[in-house]
Amino acid sequence: MATLLYRLGRFSFRRPWLIIGVWLLLAVGVIGGGVALGGQTQESFAIPGTESQAALDRLDAVFPSVAGASAQAVVEAPDGASVSDPTYKAAITAMDDKIATIDGVSSVLSPFSEYATGAISSDGQYARSQIQLDGTAADVKPATLTELKATAKIGEDAGLTVAFGGQVFSDNSFGISITEVIGVVFAGIVLLITFGSLIAAGMPLLSALLGVGIVTGGISVISAFTTVSSSAPLLALMIGLAVGIDYCLFILSRHRNQLAQGVDPEESAATAVGTAGSAVVFAGVTVIIALLGLLVVGIPFLSVMGVGAAFAVLIAIGVATTLVPALLGLAKGRLAPKPGSRAFARANVHDEGSKPTLGLRWVRGVMKRPVLALIAVVAVLGVLAIPALSLDLSLPDGASEPKGSTQRQAYEMIKEGFGAGYNGPLIVAVDITQTTNIEKDLAGIADDLKTLPDVEMVSQGIPDATLDTAIIQVTPSSAPDAPATKALVQSIRDLQPKIKDSYDTPISVTGATAVGIDISNRLSGALLPFGAIVVGLSIILLMMVFRSVLVPIKAAVGFLLSVLASFGVVVAIFQWGWFADVFNVENPGPILSFMPILLMAVLFGLAMDYEVFLVSGMREAYVHSGNAREAVGKGFANGARVVTAAALIMFFVFIAFVPDGSGTIKPIAMGLATGVAFDAFLVRMTLVPAVMTLLGKAAWWMPKWLQKLLPNMDIEGENLREHREAVGWALDQRGLAISAEALRAGTEEYAVRPLDLAVAPGGLLLISGETTDRRLLTATLAGRLDVQSGRAQVAGHPLPSEAGAVSRLVAMADVAGLERSESTLSLGQLLEERLQLTQPWYRTFTIGPFGMGRRVQRWIARINAAMLAVDPMSIGVTAATTLDALPQRERAVALAAVALAEGTPVVVLDQLDTFAVEDDETQFIRTVCRLARTETTIVLSTPVPVRVASLSTSDGRALVGIDLFENASSTGAATTGATL
């Protein structure tokens with residue numbers, strides 16, 4: 001991966017305007033599409049597979065007037081007055097009559113109707129009108145809601161206070177306030193302090209803002225086709241902004257350090273993307289995996305939020321690995337810290353006589369007293385996690401709406417006038433298909449429901465028109481998010497078997513409150529399994545990265561500590577109400593149901609990010625020095641500053657969403673802000689070096705069998721360093737088409753002896769030996785098999801790091817012998833097929849069938865001319881000639897010509913058997929040399945011992961021979977001969 005990113009970084013650096021143009025076009029297209037489609041966010045909490053949702057779906061089919069969207073008009077008379085006073089009653093009636101005429105309203109039940117139950121408060125000061133709308137909440141048009149709210153003027157003119165409640169009036173708008181802007185400003189200040197350069201500080205900000213613009217536009221496009229919660233774009237904006245800045249910061253910081261050490265700007269940018277970019281991709285992919293893991297929970301609105309946030313992280317990865325190096329390509333060397341500056345000094349901190357940085361001094365203090373540091377961190381995080389034991393989950397309701405909104409006002413008025421339970425009535429659906437005395441049975445069921453604890457009121461049963469289903473409304477005494485209401489829902493379900501036996505009428509409980517409770521229960525049940533998956537995944541991934549058993553376990557334990565501590569802080573502030581005024585928490589209560597699982601998913605990736613940046617430096621230092629203790633200090637000092645800056649940026653971005661954010665996003669933002677702070681400063685920068693110091697060399701232990709089982713992620717760029725060294729060596733081999741030093745080709749079980757090799761362009765390399773040895777060597781030189789040891793290059797590309805490029809530059813053919821390659825295909829068919837497969841795609845449209853036919857005929861003519869020049873007695877060929885009709889030598893020449901037709905700079909020909917006639921081999925070689933272009937290098941694998949001295953060609957090709965019959969352990973050298 002590091003090598004691939006290295007090439008991507010170099011490509012972007014060399015073509016900055018192309019990359020910038022592509023990103024700008026993408027941003028304009030996506031944002032423009034979102035605006036044009038006019039997508040709107042809306043709240044729709046559904047949970048397939050639960051009793052409440054199944055009952056709601058049934059009601060939607062048989063009792064649509066009940067299952068559809070609804071709202072309430074709540075009125076309050078002045079103190080000392082009653083809504084039944086003639087003036088107020090007339091105003092309420094007029095308002096209800098006006099509402100009934102609005103397009104999209106199905107019916108209105110006036111509080112003065114004989115069918116209304118509990119619609120007027122006991123003191124007569126409050127009244128509720130029940131409004132039934134057409135379709136579901138997603139079907140309600142904004143114009144309908146606007147007209148509804150406009151009717152409030154009728155009541156207000158009469159002196160009434162009017163508010164509208166219901167899910168349809170939820171605040172679905174999203175945007176940023178001044179506090180979020182201040183958060184970005186603080187992030188910019190941190191960047192400026194970190195880099196000491198306005199240009200360098202501006203790059204991550206601009207890149208991240210472009211990324212979140214694309215993400216926001218993308219979510220707007222999606223919202224035009226499916227239901228998207230208003231929290232989804234805010235969550236994606238918050239996460240995309242934070243990780244976007246941080247990912248760019250990691251790469252840019254590495255680039256500037258390398259510039260300060262004298263690295264060429266282009267090479268530095270490519271290397272920064274290959275090394276720091278590998279960690280960025282690794283961390284980003286882990287976040288994406290964790291967020292997409294929310295799909296497994298099976299809750300649609302949560303799945304949309306997870307996908308939106310994952311999309312934001314994906315864009316952040318793309319911006320960091322392509323747009324940032326493109327911007328570096330524009331800046332070139334102007335970002336290099338000036339000699340004598342603090343940035344220059346930090347980049348060369350390990351030079352002899354340099355002053356130790358704050359990070360180095362900190363880690364040395366931790367390493368002096370590792371046990372004390374370990375106990376202190378665990379104690380602090382453990383105490384902070386205690387409130388998490390009281391975690392109570394619920395979905396947002398009217399109480400979580402912004403203060404001053406009509407829904408929040410309606411919620412408070414209902415709570416004041418009727419009781420908290422009237423804000424979340426339960427609907428009991430009764431299957432009456434098997435009963436014959438509907439009224440009596442419904443009355444009996446209502447009486448049974450009244451006996452349950454926490455029941456404020458039970459309405460009379462109302463059957464549907466077809467007498468299939470009836471509904472009974474149960475109003476709890478407690479608020480919708482109260483534990484007593486959750487207990488009541490379970491009590492009704494526990495009563496179901498008794499009611500079925502007594503009346504033969506199955507019942508089920510539903511309604512918005514019951515659906516919310518089911519969602520909270522499912523999320524609570526999924527929290528531990530999801531946590532186990534996340535922790536298990538982190539251990540496996542880090543084992544791949546660090547080739548260690550104890551380091552991943554330590555990282556997972558630290559992650560759990562920081563997550564639990566952040567849960568504790570959220571519970572203390574948003575559930576218990578501690579510091580509620582400071583953080584503008586208007587109504588402390590149960591925590592948002594999906595907060596813990598979202599928090600766990602996001603913090604997982606961020607924690608792995610910090611772990612990789614700090615511990616990878618420790619591993620790199622340990623590999624080079626072998627001193628585990630020294631490696632902890634050196635590795636920490638290299639990554640401490642960038643991790644500190646990254647954590648501060650994320651903290652400021654997240655915490656900025658707390659004071660003025662929506663009720664839904666506040667606890668998520670607080671959890672992320674505190675979680676990042678705990679994980680970065682307490683776990684990664686204190687606990688990690690303390691544990692690593694205590695473990696010593698044992699930290700890097702891993703059983704050999706496990707090392708073989710797990711793939712090597714190489715995010716530290718070890719393979720990249722080897723690749724860069726190989727590229728440098730290949731550049732030194734200019735003038736050679738093929739070269740090798742101590743090359744061992746083969747497999748782990750069997751390898752050819754080490755070889756030194758040098759073949760000039762247009763040369764002829766003859767390889768003789770046993771079939772297995774020859775094929776292992778030629779497959780390695782052709783990029784089809786990895787090099788076991790040593791180094792080699794073909795056509796300027798080192799092996800094995802550029803094996804893919806080599807494989808495209810080397811054509812291979814089995815020229816065979818005797819009966820092995822007999823075929824009924826014609827030579828013309830073989831040539832045409834090979835030419836079509838290997839020509840550039842655009843030539844397909846320019847050459848045409850007639851042009852291809854002419855190319856085949858030219859090759860036929862070249863084959864005949866070459867064979868006749870070597871041996872006038874050769875048998876000529878045509879396009880219709882089949883291979884099985886040709887003698888052995890002519891057949892071999894034809895097959896070699898098919899390979900040469902590819903036009904590659906190197907051609908490998910494998911001869912499995914000896915020629916039946918002794919002179920045929922020499923004539924075959926001479927013919928192939930004539931067929932090939934003078935600059936084409938030919939590699940011939942033959943079972944006949946090399947006879948370089950006895951060979952001669954007419955085109956002056958340099959001959960090199962390798963004899964593999966003596967496949968000993970000693971190093972072999974090629975035999976070289978020259979021809980004139």
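Everything here concerns the structure above.
The structure displayed is predicted, hence computed values, not measured ones. (Residues numbered from 1 in each chain as written. Predicted model: local features only at pLDDT ≥ 70, side-chain atom pairs only at ≥ 80, totals over all residues. Heavy atoms only, no water.)

## Focus on the packing of aromatic side chains
The full count for this structure, using the stated rule, is 6 aromatic pairs. Consider the rings of Phe 186 and Phe 652, whose centres lie 4.9 Å apart with planes at 20 degrees: the pair is stacked. In this pair, Phe 186 is assigned in helix H8 (residues 178–195) and Phe 652 in helix H22 (residues 628–655), connecting sequence segments 466 residues apart. For Phe 186, a relative accessible area of 39% translates into the label partly exposed. On the basis of relative accessibility, which here comes to 22%, the residue Phe 652 falls in the partly exposed class. An aromatic cluster is present here, built from Phe 186, Phe 651 and Phe 652 joined pairwise through their rings. Taking the ring centre of Phe 112 as reference, the NZ or CZ of Lys 89 above it sits at 5.1 Å. When the ring centre of Phe 418 is taken as origin, the NZ or CZ atom of Arg 128, which lies over that ring, is 4.9 Å away. (Phe/Tyr/Trp six-rings, centres within 6.5 Å; stacked < 30°, edge-to-face > 60°. Helix = DSSP H or I, 4+ residues; strand = E, 2+ residues; numbered from the N terminus. Buried < 20%, exposed > 50% of the residue type's maximum accessible area, 1.4 Å probe, protein only. Lys NZ or Arg CZ within 6 Å of the ring centre and 35° of its normal.)

## Points about the sheet that holds strand S1 (residues 70–76)
Here we have 4 strands laid out as an open sheet, ordered S2-S3-S1-S4, and antiparallel in their pairing. Only two strands of the sheet have a single neighbouring strand rather than two, namely strand S2 (105–109) and strand S4 (161–165). Averaged over all neighbouring strand pairs, the angle between strand axes comes to 20 degrees, with direction disregarded. In the sheet, S1 pairs with S4 via 5 bridges, with the strands oriented antiparallel. Looking at the pairing, Val 74 lines up with Ala 163 of S4. Sitting on the sheet, helix H5 (residues 86–100) touches S1, S2, strand S3 (126–133) and S4, and the angle it makes with S2 is about 160 degrees. Packing against the sheet, helix H6 (residues 142–150) makes contact with S2, S3 and S4, and its axis sits at approximately 155 degrees to S3. (Pairing = 2+ DSSP bridges. Axes fitted to C-alpha atoms, helices over the stretch in contact; angles between N-to-C directions. Contact = heavy atoms within 4.5 Å.)

## Some details on the pairing of strand S18 (residues 906–910)
The side chains of a regular strand alternate between both faces of the sheet. With 5 of 5 residues buried, S18 lies mostly within the body of the structure. Burial along S18 is two-sided: Val 906, Val 908 and Asp 910 and Val 907 and Leu 909, pointing in opposite directions, are all buried. The pairing of strand S17 (residues 810–814) with S18 spans 5 bridges and is parallel. Each residue of the ladder has a partner; that of Asp 814, found in S18, is Asp 910. Bridge count between S18 and strand S19 (residues 937–942): 5 bridges; the pairing is parallel.

## Comments concerning a negative patch on the surface
A cluster of acidic side chains, namely Asp 103, Asp 134, Asp 139 and Glu 147, defines a negative patch on the protein surface. With respect to the helices and strands, the residue Asp 139 is situated in the loop between S3 and H6. (Patch = residues over 30% accessible without salt bridge, like charges linked within 9 Å, V, L, I, M, F, W, Y side chains within 5 Å. Areas by Shrake-Rupley, 256 points an atom, 1.4 Å probe, with all protein chains shown as cover. Salt bridge = Lys/Arg side-chain N within 4 Å of Asp/Glu carboxyl O. Lys, Arg positive; Asp, Glu negative; His and termini not counted. Charge placed at Lys NZ, Arg CZ, Asp CG, Glu CD.)

## A closer look at the pattern of salt bridges
Counted under the stated rule, the structure contains 21 salt bridges. A salt bridge links Glu 267 to Arg 10; its shortest N-O distance comes to 2.4 Å. Note that Glu 267 is positioned in helix H11 (residues 265–292) and Arg 10 in helix H1 (residues 2–14), a separation of 257 residues in sequence. By relative accessible area, which is 18% here, Glu 267 ends up buried. Salt-bridge contacts for Asp 814 lead to Arg 775; the nearest nitrogen and oxygen are separated by 3.8 Å.

## Comments concerning H11
Taking the largest bend as the criterion, H11 deviates by roughly 40 degrees, centred on Gly 277. For H11, the tally of buried residues reaches 24 of 28 residues, placing the bulk of the element in the interior. Two or three places before Glu 266, at the opening of H11, Asp 264 has a side-chain oxygen 3.1 Å from that residue's backbone nitrogen. (Bend = angle between axes of the 7 residues up to and from the residue. Polar contact = N/O pair within 3.5 Å; in protein donor to acceptor, adjacent residues only side chain to side chain.)

## Some thoughts on the side chain of Thr 151
Structurally, the position occupied by Thr 151 is in the loop between H6 and helix H7 (152–157). At 2.5 Å, the side chain of Thr 151 and the backbone oxygen of Leu 148 are in polar contact. Residues within four places of Thr 151 in sequence aside, it is in contact with Met 95, Lys 98, Ile 99, Ile 102 and Phe 164.

## Some thoughts on the side chain of Gln 923
Topologically, Gln 923 is positioned in helix H31 (residues 918–931). For Gln 923, the side chain forms a polar contact with the side chain of Arg 889, separated by 3.3 Å. Excluding residues within four positions of it along the chain, Gln 923 makes contact with Val 870, Asp 871 and Arg 889.

## Things to note about the environment of Thr 686
Considering the arrangement of structural elements, one finds Thr 686 in helix H23 (residues 665–695). Residue classification places Thr 686 among the buried positions, given a relative accessible area of 9%. Residues Thr 686 and Ala 373 lie 313 residues apart in sequence; the distance between their C-alpha atoms is 6.7 Å. Those residues in contact with Thr 686, other than ones at most four positions away along the chain, are Trp 362, Val 366, Ala 373, Val 377 and Phe 681.

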